[in-house]
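# Fold and contact review
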Amino acid sequence: MRVLEVRDLSVRFGPTHAVRGVSFHVDKGETVALVGESGSGKSVTALSTVSLVPGATEITGSVKYAGQEMVGADEGTLRRIRGNDISFIFQEPMTSLNPLHTLEKQITESLMLHQDLRGAAARARVIELLHKVGIRDPEDRLGAYPHQLSGGQRQRVMIAMALANGPDLLVADEPTTALDVTIQAQILDLLADLKRDMGMSLLFITHDLTIVRRIADRVCVMQGGEIVEQGRTEEIFANPRHPYTRKLLAAESTGGPDPVAPDAPEIVATDNLRVWFPIQRGLMRRTVGHIKAVNAATLSVRAGETVGIVGESGSGKTTLALAIMRLIGSEGPVVFMGRDVQGLHSRELRPIRRDMQIVFQDPFGSLSPRMTIEQIVAEGLEVHGVGREDRRAQVAAILGEVGLDPAMMDRYPHEFSGGQRQRIAIARAMILRPKLVVLDEPTSALDMTVQVQIVELLRALQRKNAIAYLFISHDLKVVRALSHKVIVMKNGDVVETGEAEALFAAPKHAYTRALLKAAFGEVGAA
């Protein structure tokens, strides 16, 4: 049975022809992967299947779900099918979740709308869904808000919402982007189980070809809004015909970072840094315990050195980095450029912040939708009073360095793909030429070819300016390509630390071995 059939689909945003003559189909119980670079039209194609595009968009061609035409369908028909028969997992969970509603309320909303499920039955279903997608202690998380979760945990909540009504077709737009390798494997296994048990079909959008090879029955390769090649997965991987497909399959971050100079000064160091969040209950909001996000973390980063931080979502990686940046409270010394910044007030920290920058995990959530790219990238220059005379020229130069056309600087964030937005975020951090940059999953939203370019860019910037990097990632291949040292975290504890090559070759802790096995198949295969 054919669940989805797309014929000669074209999508225009004004003069922009985003999708051109795309044709493919998804059968019942089948997984079809759409792969290609950021901006190739993958997400637009998927969103157009149920007209989840701006009202002024022109959609032509045919999209049939279970034989029913979707192009030109009335709003009532589309509402009935969206989130029920065809459900979506979006790429950026923080922009898809309501910051004012609890997890329970957001997941229950879909159950009420499509199943009229309420009260205790709805709560039991929510707990079941959260448990399925790997949220620890789901009963205690029902009252949590999106900002209280890590990026990976938010993505898992999005997956739970999408699966709530048992859809016939699940459209997964980079569903494992924010997840560490062990949880990624669990989620892929979960999707495979649901596909088998429910006869569910899957339209899977990703830039990770390792995942495609593992789960997809068929592959459609997109470039410039067109499908340039499609076929059975094993056939595409064994014998790619199109030059672009061959380019995608060959893209992988390799090599390692340049050696650190023997006399390189220490940029930042911590000693037994601790971040505990109080648990307050009762009318008087008394502290009855603590969430121990980071316990006794000790590290040192020198100029021109990269320290990779790896571990499961919620292990404390980002919390540790935010504490070092003095963006959240912590206990224990944080010595930056020879000065303990732990006790400094915001006014004293301001001149120091020019030398410490951060690239956040969610590029869309960290870019103001009301500012042009020039304004966003130049904001740091304005705050710190740098380069008043030639700011536009500086913005143009840094955009060129991260692989964007400087002519795009007058556009707004919504006009860019996820990967392009991440490059804008990197440009904003780098324009001040800082001493320390925290990179929180900087390549997570990028396709493989652009990921390789960004790794090379980060190496080149480090080589030129002796920047110290704290690199947070679940992609261990990228961690190995960039890092001199690696810190492994689990449940707030640093369980292992060491030189990158030694740690990858002979991990000592069982958890590190489990991470490497999930990423590479076997320990030492890296």
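Quick look at the structure, then. Values in this document were obtained by computation on a predicted structure and should not be read as measured data. (Residues numbered from 1 in each chain as written. Predicted model: local features only at pLDDT ≥ 70, side-chain atom pairs only at ≥ 80, totals over all residues. Heavy atoms only, no water.)

Below, the discussion takes up the sheet that holds strand S4 (residues 58-65). Sheet strands pair via backbone hydrogen bonds, and the direction of the pair is either parallel or antiparallel. Pairing in this open sheet of four strands is antiparallel, and the strands run S2-S1-S4-S5 from one edge to the other. Unpaired on one side and paired on the other, strand S2 (16-27) and strand S5 (68-69) mark the two borders of the sheet. Here strand S1 (residues 2-13) pairs with S4 via seven bridges, running antiparallel. Its bridge partner being in S4, Val11 is matched across the sheet by Ile59. (Pairing = 2+ DSSP bridges. Helix = DSSP H or I, 4+ residues; strand = E, 2+ residues; numbered from the N terminus.)

Counted by the stated rule, this structure contains 20 salt bridges. Of the charged contacts, one joins Glu305 and Lys485 as a salt bridge, the two residues approaching to 3.7 Å between their closest N and O atoms. With Glu305 in the loop between strand S12 (286-302) and strand S13 (306-311) and Lys485 in strand S19 (residues 485-490), this residue pair connects regions lying 180 residues apart in the sequence. Overall, the relative accessible area of 2% leaves Glu305 in the buried class. Across the pair Arg392 and Asp410 runs a salt bridge whose closest N-O atoms are separated by 3.1 Å. Taken together, the residues span a long stretch of sequence, with Arg392 in helix H15 (residues 391-401) and Asp410 in the loop between H15 and helix H16 (418-430) at a distance of 18 residues. Residue Asp410 is classed as partly exposed on the basis of its relative accessible area of 46%. Salt bridges linked by common partners bring Arg2, Glu5, Arg7 and Asp27 together as one network. (Salt bridge = Lys/Arg side-chain N within 4 Å of Asp/Glu carboxyl O. Buried < 20%, exposed > 50% of the residue type's maximum accessible area, 1.4 Å probe, protein only.)

The next point concerns empty space enclosed by the protein. The rolling of a water-molecule-sized probe over the atoms marks out the regions of remaining empty space. Scanning the entire structure with this criterion turns up three cavities of 30 Å³ or more. Counted as a void, the largest cavity has a volume near 40 Å³. Along the walls of the largest cavity sit Val35, Leu209, Val219, Val221, Ile236, Phe237, Thr245, Leu248 and Leu249, which together make up its complete lining. Sorting the residues of the lining of the largest cavity by element identifies strand S9 (218-223), helix H10 (233-238) and helix H11 (243-250) as the ones contributing at least two each. With three residues, H11 is the single largest residue contributor to the lining of the largest cavity. Classifying every residue of the lining of the largest cavity gives eight nonpolar, one polar and no charged. (1 Å grid on protein atoms, 1.4 Å probe; cavity = no way out; pocket = protein on both sides within 12 Å on 5 of 7 lines; lining within 4 Å. Points joined across faces, edges and corners; volume = space filled by probe spheres on them. Nonpolar A, V, L, I, M, F, W, Y, C, P; charged D, E, K, R; others polar.)

As a further point, take the pairing of strand S18 (residues 468-472). Across the five residues that make up S18, a large majority, five, are buried. Burial along S18 is two-sided: Ala468, Leu470 and Ile472 and Tyr469 and Phe471, pointing in opposite directions, are all buried. Judged from the four bridges that link them, S13 and S18 form a sheet pairing that is parallel. Bridge assignment links Thr306 to a residue of S18, and that residue is Tyr469. Here five bridges tie strand S17 (residues 436-440) to S18, and the two strands are oriented parallel to one another.

Any link to function would need more than the numbers given here.
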